[in-house]
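Now for the letters of each chain:
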Amino acid sequence: MRHLLQRHPLPMRTSFAHSLVLTYALPPELLTPLVPRGLALDTYRDADGTEHGFVAAAVVDTRALRPSFLPAALGRDFILTGYRIFTRFSTPAGRTMRGLRILRSDTDRRMMVHGGNLFSRYNYRLARIGTRTVGRTLEFKVLSADGTADLHVRADLADTPAPLPDGSPFASAKDARRYAGPLPYTFEYEPQTRTVIVVKATRTQWDPVPVTVDVPTLTFFDHGPYAGTKPVLANAFHVGNLEYGWERGCRRALDGGAL
């Protein structure tokens with residue numbers, strides 16, 4: 001009955017010292033098989049009429065992460081990395097919920113590996129993660145245990161707002177901002193009950209800023225279904241000093257109806 005615990009039973013609170021999210025464009029036909037029943041790929045059509053799907057690679061420096069009923073002093077600091085597909089979930093009333101479907105998560109603390117995997121399906125793994133800020137350059141380096149999610153990224157926080165990366169499919173900064181993670185929801189498919197677990201985020205002062213990034217290492221797209229592909233960096237956004245949290249997960253039928 002472990003899946004009952006993995007429904008995000010605890011509302012959580014934290015603050016983001018830094019949240020850096022890189023969004024990569026990939027062919028929809030590559031990503032669609034990774035989207036479970038009930039969800040649809042959230043795509044974008046560029047000026048040439050080509051359709052794109054998106055995967056976000058995120059690194060978040062969290063502070064005082066804890067259940068929302070505990071004071072901040074009892075929270076713990078973690079660095080979290082994650083890879084998510086941009087998806088949509090439609091309700092019977094015609095409402096479209098935009099959110100992320102989790103592919104993989106890494107963290108620098110064993111406590112988060114055990115707790116995160118007990119109370120969610122985020123698939124946390126232990127990694128060596130370092131971060132530093134030199135002047136206005138924010139740097140993260142992630143060494144995953146199996147080498148399949150190594151990441152080294154530097155973000156120029158001085159050159160803001162930065163222009164769109166070369167080759168980005170987005171026609172404007174406004175379009176790119178719609179794909180600036182994290183989104184209001186995350187979705188997880190529960191195969192035991194054939195339902196979708198929906199987790200709603202809460203956040204304040206949400207003002208992501210486009211930044212210029214240098215990414216010397218990113219191995220996630222070298223393996224599995226992505227091997228041999230050429231993901232295109234579509235945008236990169238940074239948020240700092242943000243209060244963030246998420247509510248208890250709620251279960252919905254595959255057609256979006258509440259249960």
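Look up: the structure comes first, before these words.
All figures in this text were calculated on a predicted structure; none of them were measured in a lab. (Residues numbered from 1 in each chain as written. Predicted model: local features only at pLDDT ≥ 70, side-chain atom pairs only at ≥ 80, totals over all residues. Heavy atoms only, no water.)

Participant: I'd like a rundown of the overall build of the protein, residues and numbers included.
Facilitator: Helices and strands together make up the secondary structure of the protein, namely four helices and 15 strands. The C-alpha atoms of the protein give a radius of gyration of 18 Å, which matches the 18 Å a tight globule of 259 residues would have. The principal-axis extents of the C-alpha atoms in the protein amount to approximately 45 × 45 × 35 Å. By residue count, 51% of the 259 residues in the protein fall in the buried class. Pairs at least 24 residues apart make up 70% of the contacts formed inside the protein by residues separated by at least 6 positions. For the protein, the accessible area works out to roughly 12100 Å², and carbon and sulfur atoms hold 52% of it. (Helix = DSSP H or I, 4+ residues; strand = E, 2+ residues; numbered from the N terminus. Rg over C-alpha atoms; globule rule 2.2 N^0.38 Å. Buried < 20%, exposed > 50% of the residue type's maximum accessible area, 1.4 Å probe, protein only. Contact = heavy atoms within 4.5 Å. Areas by Shrake-Rupley, 256 points an atom, 1.4 Å probe, with all protein chains shown as cover.)

Participant: Pulling in residues and values, what's your account of the pattern of salt bridges?
Facilitator: In the structure shown here, the tally under the stated rule is 13 salt bridges. For Glu 139, the salt bridge goes to Arg 154, with nearest N and O atoms at 3.7 Å. Pair noted here: Glu 139 is in strand β8 (residues 137-144) and Arg 154 is in strand β9 (residues 151-156), with a separation of 15 residues, a long-range link. With a relative accessible area of 11%, Glu 139 lands in the buried category. Take Arg 154: its relative accessible area is 29%, and that puts it in the partly exposed class. A network of salt bridges, in which partner residues are shared, links Arg 104, Asp 106, Arg 125 and Asp 146. (Salt bridge = Lys/Arg side-chain N within 4 Å of Asp/Glu carboxyl O.)

Participant: Just give me the short version of the layout of surface pockets, but keep the residues and values in it.
Facilitator: Its boundaries defined by the atoms lining it, the largest pocket holds a volume of some 350 Å³. In this structure, the largest pocket is lined by 20 residues; those nearest its centre are Met 12, Met 112, Gly 115, Gly 116 and Phe 119. For the lining of the largest pocket, the secondary structure elements donating two or more residues are β4 (51-67), β5 (76-90) and α3 (110-119). Counted by class, the lining of the largest pocket contains 13 nonpolar, five polar and two charged residues. (1 Å grid on protein atoms, 1.4 Å probe; cavity = no way out; pocket = protein on both sides within 12 Å on 5 of 7 lines; lining within 4 Å. Points joined across faces, edges and corners; volume = space filled by probe spheres on them. Nonpolar A, V, L, I, M, F, W, Y, C, P; charged D, E, K, R; others polar.)

Participant: Explain α3 residue by residue, including any values.
Facilitator: Because an α-helix completes one turn every 3.6 residues, residues spaced three or four positions apart along the sequence face the same direction. Three or more residues of α3 are buried, namely Met 112, Val 113, Gly 116 and Asn 117. Each buried residue of α3 sits inside an arc of 110° when the element is viewed along its axis, so together they form one side. Within α3, the exposed residues directed more than 90 degrees away from the buried face are Arg 110, Met 111 and His 114. Close packing links the buried residues of α3 with α1 (2-5), β4, β5, β6 (96-107) and β7 (124-134). (Arc of directions from axis to C-beta.)

Participant: Report on the side chain of His 18, specifying residues and quantitative values.
Facilitator: Along the chain, His 18 falls in strand β1 (residues 12-26). The buried category is assigned to His 18, whose relative accessible area is 19%. Leaving out residues up to four positions away in the same chain, His 18 has contacts with Val 59, Val 60, Asp 61, Thr 133, Leu 138, Phe 140, Leu 157, His 238, Val 239 and Gly 240.

Participant: Talk me through unusual backbone geometry; I want residue IDs and the actual numbers.
Facilitator: Cis geometry marks the peptide bond from Thr 160 to Pro 161; its omega dihedral reads -10°. Mapped onto the elements, Pro 161 comes out in the loop between β9 and α4 (173-177).

Purely geometric numbers; function is a separate question.
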